[in-house]
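Given next are the chains, with one letter for each unit.
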Amino acid sequence: MTVPDMFPVSSSQLAPAMAAPSTPTLATADGSTESVDPNRPMQFSLLYFSSNEAEFSERKYRLLLEGAKFADRHGFTAVWVPERHFHPFGGLYPNPSVLASALAMVTERIRLRAGSVVLPMHHPVRVVEEWAVVDNLSRGRVDLALAAGWNANDFVLAPTNYANRYGLLFSGLETVRLLWRGETVTLPGGLGHEVPVRVYPAPWQPELTTWITCSGGLERFIQAGEHGANVLTALLFQSVEELAEKIAAYREARARHGHDPADGHVTLMLHTFVGDDLEEVRRTVRGPFITYLESSVDLWQNASKPLADLTPAEREEVLAYAFERYFQTSALFGTPQTCAPFVARLQAVGVDEIASLIDFGIEADTTLDGLHALNLLRKHCQRTPLTGHEAAARTVVGASNDPSIRSDGAKSEHADQTAQRLTPAWGNEDGLSWIALAPPPVEQASNHGEPTAEAKPGQSQG
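Computed from a predicted model, the values in this text were never measured in an experiment.

A.B. asks: I keep staring at the nonpolar core and nothing clicks. Help me out?
C.D. replies: Considering soluble globular proteins, one finds that nonpolar side chains tend to be buried as a cluster. Counting 75 residues, the largest nonpolar core has F44, W131, I212, L332, L346, L374 and L377 as its most contacted members. Dropping the residues within four chain positions of it, L374 is found in contact with F44, L46, F76, T272, V274, L332 and S356. With 30 residues, the next largest nonpolar core counts F237, V281, L319 and F333 among its residues.

Right, here's the structure in full:
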């Protein structure tokens, strides 16, 4: 069996980048439809997920803290902090409420979001208690994404909950909401009888805004809509067209269950690095991202054929091509101008917010420096006026959209053949392991001007 045979994919997944997006519609409660406003500004946030604990001997949280402070100063919407366990890949983030408490002390306005709390591994009372503290520390800036979980090994924290994790996710969601509002719930106590429970301290906000993590399965999008929650998703197991269909189903489910479909908020995670020169971005991202792909293998290899089964040459080839296709089609890698059409396409299909995953192995100073160019992209997409310095920094660049074009511009025949066969080497319905060997492609355009980034954000110790 050849390497391409392991990863079949149809050539339709490699459609041209410039296909015109259609305007999505919303289903209303009476069965009629109305158009989504494609002109409402795309929101931009930062998302942390995958820092390798072993890469840091000290100042482990500098990138988290400095990135959050930059986002807070420059008009980003939120900072998303994950829950990860028992693996160096993402091992910096075992408890998002603890880290969000730290962020509450160094930021003023930005939303502090869990992305995500694996609710079936925790008692809803403890979740509300912890995040009520953060909500008070931050003066009402907490939002929560809740997930079912996917890695059975993580459930050493609650082993009996793994089999029923989806049911517990949505029953726990309702308990969390009730407790957050200050209502009393009845729960079994240590002596076997029911005990009335109300959480203290009372949260700053009277209502909690919630997301459901949906990695690609249509059912989870519909359930999120039925429960009136927002959606946090990614492009690993779905194309942009497939995502558009799921967003439509999500908003229709909201309408059927009495929730305003237009109020549903869809957040899309994208691996992100933006700079002022396309080829420099490619050189900066390539090595760390390939290492990042390899470092996540232990998290997904039990779900499908592992990289360990490949020869070293096959392994290198597959990872190199996976990076190239990911760079071209499935991430926010490039300049503000080469990324802008991709953002516009996502907005046209109903995405409300891009959560930029920035901690995938690029050196911290370089990552922080790149936030300036990301901010230029944000301003462009939100039609925010540029400062004089930003406007003066514009230049022009072009780039190919063909993932079979090597970084030196030459066409790789083998890569072109592989492009017709390569697809994710694993899958799970609602996983939090948002990295695959080669995720489904989405369209990204280029050939636009690009600005030059400013000086890097502050480097105070975190």
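Don't stop here, the text continues.
A.B. asks: What is the right way to look at the environment of S138 in this model?
C.D. replies: On the secondary structure map, S138 appears in the loop between α4 (124-137) and β6 (142-147). For S138, a relative accessible area of 3% translates into the label buried. S138 sits 27 residues away from R111 along the chain, and the two C-alpha atoms are 8.8 Å apart. Setting aside residues up to four positions removed in sequence, S138 forms contacts with A104 and L112.

A.B. asks: Looking at this structure, I do not really get the environment of T209. What am I missing?
C.D. replies: Tracing the chain through its elements places T209 in the loop between β8 (194-197) and β9 (210-213). What makes T209 partly exposed here is its relative accessible area of 35%. Residues T209 and G228, spaced 19 residues apart in sequence, show a C-alpha to C-alpha distance of 9.7 Å. Leave out the neighbours within four places in its chain, and T209 touches D143, L144 and N230.

A.B. asks: Is there a simple way to think about the pattern of salt bridges in this case?
C.D. replies: A side chain with one charge can pair with a side chain of the opposite charge if their charged atoms come near. Summed over the entire model, instances satisfying the criterion amount to 15 salt bridges. Across the pair R62 and D365 runs a salt bridge whose closest N-O atoms are separated by 2.6 Å. Of the two residues, R62 sits in helix α2 (residues 62-73) while D365 sits in helix α12 (residues 364-381), which places them 303 residues apart along the sequence. With respect to class, R62 is no different from D365; both count as buried. Of the charged contacts in the structure, one is a salt bridge between R251 and D352, with a shortest N-O distance of 3.2 Å. In this pair, R251 sits in helix α7 (residues 240-256) while D352 sits in the loop between α11 (336-348) and β13 (353-357), placing the two residues 101 residues apart along the sequence.

A.B. asks: Just checking my understanding: could you explain the packing of aromatic side chains for this structure?
C.D. replies: For any pair of aromatic rings, the description rests on two quantities: the centre-to-centre distance and the angle between the ring planes. Within this structure, the stated rule accounts for 11 aromatic pairs. Judged by centre distance (5.0 Å) and plane angle (45°), the ring pair of F289 and Y326 falls under tilted. Pair noted here: F289 is in helix α8 (residues 278-295) and Y326 is in helix α10 (residues 312-329), with a separation of 37 residues, a long-range link. Y326 shares its class with F289; the two are buried. In this structure an aromatic cluster arises from ring pairing among F289, Y292, F323, Y326, F327, F333 and F360. The ring of F49 is capped by R84, whose NZ or CZ atom sits 3.9 Å from the centre of that ring. Across the ring face of F76, the terminal group of R378 is positioned such that the distance to the ring centre comes to 5.5 Å.

A.B. asks: Would you mind showing me how to read the packing of helix α3 (residues 96-106) against α4 here?
C.D. replies: The relative placement of two packed helices is expressed as an angle between their axes plus a distance between the axes. The interhelical angle for the contact between α3 and α4, taken along N-to-C directions, is 10°, at an axis separation of 9 Å. Viewed along their axes, α3 and α4 adopt a mutual orientation that is roughly parallel. Judged by residue contacts, P96, S97, A100, S101, A104 and M105 of α3 engage E130, W131, V134 and L137 from α4. By residue class, the composition of the contact of α3 with α4 is seven nonpolar, two polar and one charged.

A.B. asks: When you look at a nonpolar patch on the surface in this model, what are you seeing that I'm missing?
C.D. replies: A cluster of nonpolar side chains, M105, V106, V133 and L137, forms an exposed patch at the surface whose accessible area comes to about 320 Å². The set of elements that each furnish at least two residues to the nonpolar patch consists of α3 and α4. Topologically, L137 is positioned in helix α4. Residue classification places L137 among the partly exposed positions, given a relative accessible area of 38%.

A.B. asks: Teacher, can you tell me more about the environment of Y321 here?
C.D. replies: For Y321, the location among the structural elements is in helix α10. Sequence separation between Y321 and I290 is 31 residues, and the spatial gap between their C-alpha atoms is 9.7 Å.

Thresholds applied
- Along every chain, residues carry numbers that run from 1 in the direction the sequence is written.
- pLDDT decides what is reported in this predicted model: residues at 70 or higher carry local features, side-chain atom pairs at 80 or more are listed and counted, and totals for whole chains, interfaces and linings draw on all residues regardless.
- The side-chain quantities take in all heavy atoms of the structure and omit both hydrogens and water.
- By nonpolar core is meant a set of buried Ala, Val, Leu, Ile, Met, Phe, Trp, Tyr and Cys residues that side-chain atoms within 4.5 Å join together.
- Exposure classes here rest on a 1.4 Å probe applied to the protein chains alone. A residue is buried below 20% of its type maximum, exposed above 50%, and partly exposed in between.
- By definition, residues are in contact when any of their heavy atoms lie within 4.5 Å.
- Secondary structure elements follow DSSP: runs of H or I of four or more residues count as helices, runs of E of two or more count as strands, with numbering from the N terminus.
- Counted as salt bridges are all cases of a side-chain nitrogen of Lys or Arg within 4 Å of a carboxyl oxygen of Asp or Glu.
- In this analysis, rings of Phe, Tyr and Trp, with Trp reduced to its six-membered ring, are considered paired at centre separations within 6.5 Å, and the interplanar angle assigns stacked below 30 degrees, edge-to-face beyond 60, and tilted for intermediate values.
- Remark: a charge is flagged as sitting over a ring if the NZ atom of Lys or the CZ atom of Arg is within 6 Å of the ring centre and within 35 degrees of the ring normal.
- To get an axis, a line is fitted to the C-alpha atoms, and for a helix only the part in contact is used. The angle between two axes follows their N-to-C directions and goes from 0 to 180 degrees.
- The cut-offs work like this: below 35 degrees is roughly parallel, past 145 is roughly antiparallel, 65 to 115 is roughly perpendicular, and the gaps in between are oblique.
- Asp, Glu, Lys and Arg are counted as charged, while Ala, Val, Leu, Ile, Met, Phe, Trp, Tyr, Cys and Pro are counted as nonpolar; the rest, among them Gly, fall into the polar class.
- Each patch is built from residues lacking any salt bridge and having more than 30% relative accessible area; the joining distance is 9 Å for like charges and 5 Å for nonpolar side chains (Val, Leu, Ile, Met, Phe, Trp, Tyr).
- All accessible areas in this document rest on Shrake-Rupley with a 1.4 Å probe, and a residue is counted as covered only by the protein chains that are shown.

Geometric values such as these leave the question of function open.
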